[in-house]
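The residues making up each chain are set out below.
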Amino acid sequence: MSETVLKIEGMTCNHCKMAVEKALKGVAGVAEAKVDLDKKEAVVAGSPNRTALVQAVDKAGFKVVG
C-alpha cells in the first residue's frame, strides 16, 4: 500500500478538515485519509488515482497545490 501526500489550500477550521477527509475517503482505492490542518496537507493510504483525489478535494471546495 502506498501513501500520497497532498498539499491543500483553503482549510481554516476543523470542519474544513473533516470535509476534506470525508471527500478523500469516498475515492475508490483509499484505505485511509488523514488531514493535518496545521500542515495544510492530507496523507492518503491505498492505491487511489491521484486525479480522482484532486477532483474530490476540489468538489469539497478546496484546492490541491503542487
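One can find the structure itself at the top, above this paragraph.
On a predicted model such as this, the values are computed, not experimentally measured, just so you know.

(A) Fine view of the overall build of the protein. Secondary structure assignment for the protein yields 2 helices and 4 strands. Seen in sequence order, the protein has helices and strands lined up from the N terminus as β-α-β-β-α-β. The globule rule puts the C-alpha radius of gyration for 66 residues at 11 Å, and the 10 Å found for the protein is close to it. Counting only C-alpha atoms, the protein reaches 30 × 20 × 20 Å along its principal axes. Restricting to contacts in the protein with at least 6 residues of sequence separation, those with at least 24 account for 57%. On the protein, roughly 4,100 Å² of surface is accessible, and the fraction owed to carbon and sulfur atoms is 51%. Counting 10 positive and 8 negative side-chain charges, the protein places the centres of these two groups 3 Å from one another.

(B) Representation of the sheet that holds strand β1 (residues 2-9). In space, the 4 strands of this open sheet follow the order β2-β3-β1-β4, with antiparallel pairing throughout. This sheet does not close on itself; its edge strands, each paired only once, are β2 (30-36) and β4 (63-65). Shown here is a sheet whose adjacent strand axes are inclined to one another by a mean of 35°, direction ignored. Across the sheet, helix α1 (residues 14-25) touches β1, β2 and β3 (41-46), and the angle it forms with β2 is around 165°. Here helix α2 (residues 50-59) sits on the sheet in contact with β1, β2, β3 and β4, set at roughly 30° to β1.

(C) The arrangement of the pattern of salt bridges in detail. Summed over all chains, the structure comprises 3 salt bridges. Across the pair K7 and E41 runs a salt bridge whose closest N-O atoms are separated by 3.3 Å. In this pair, K7 is assigned in strand β1 and E41 in strand β3, connecting sequence segments 34 residues apart. Residue classification places K7 among the partly exposed positions, given a relative accessible area of 40%. The exposure class of E41 is buried, given its relative accessible area of 14%. Note that E32 and K34 form a salt bridge whose closest N and O atoms lie 3.5 Å from each other.

Rules behind the numbers
Along each chain, residues carry numbers from 1 onward, in the same order as the chain's sequence is written. Only residues with pLDDT of at least 70 are given local features in this predicted model, and only at 80 or more are side-chain atom pairs given and counted; all residues enter the totals for whole chains, interfaces and linings. Excluded from the side-chain calculation are hydrogens and water; included are all heavy atoms of the structure. By the criteria applied, helices consist of DSSP H or I runs no shorter than four residues and strands consist of E runs no shorter than two, each listed in order from the N terminus. It is over C-alpha atoms that the radius of gyration is taken, and the globule rule equals 2.2 Å times the number of residues to the power 0.38. It only takes one pair of heavy atoms within 4.5 Å for two residues to be counted as in contact. Residue burial considers only the protein chains on display, and all accessible areas are found by Shrake-Rupley using a 1.4 Å probe. The charge count includes Lys and Arg as positive and Asp and Glu as negative, but it does not include His or the ends of the chains. Charge placement uses NZ in Lys and CZ in Arg. For Asp and Glu, CG and CD serve respectively. Whether two strands pair comes down to DSSP finding at least two bridges between them. A fitted line through C-alpha atoms serves as each axis, taken over the contacting stretch for helices, and the angle formed by two N-to-C directions is quoted from 0 to 180°. Each reported salt bridge corresponds to a side-chain nitrogen of Lys or Arg within 4 Å of a carboxyl oxygen of Asp or Glu. Each residue gets one of three labels from its accessible area relative to the maximum for its type: buried under 20%, exposed over 50%, partly exposed in between, using a 1.4 Å probe on protein chains only.

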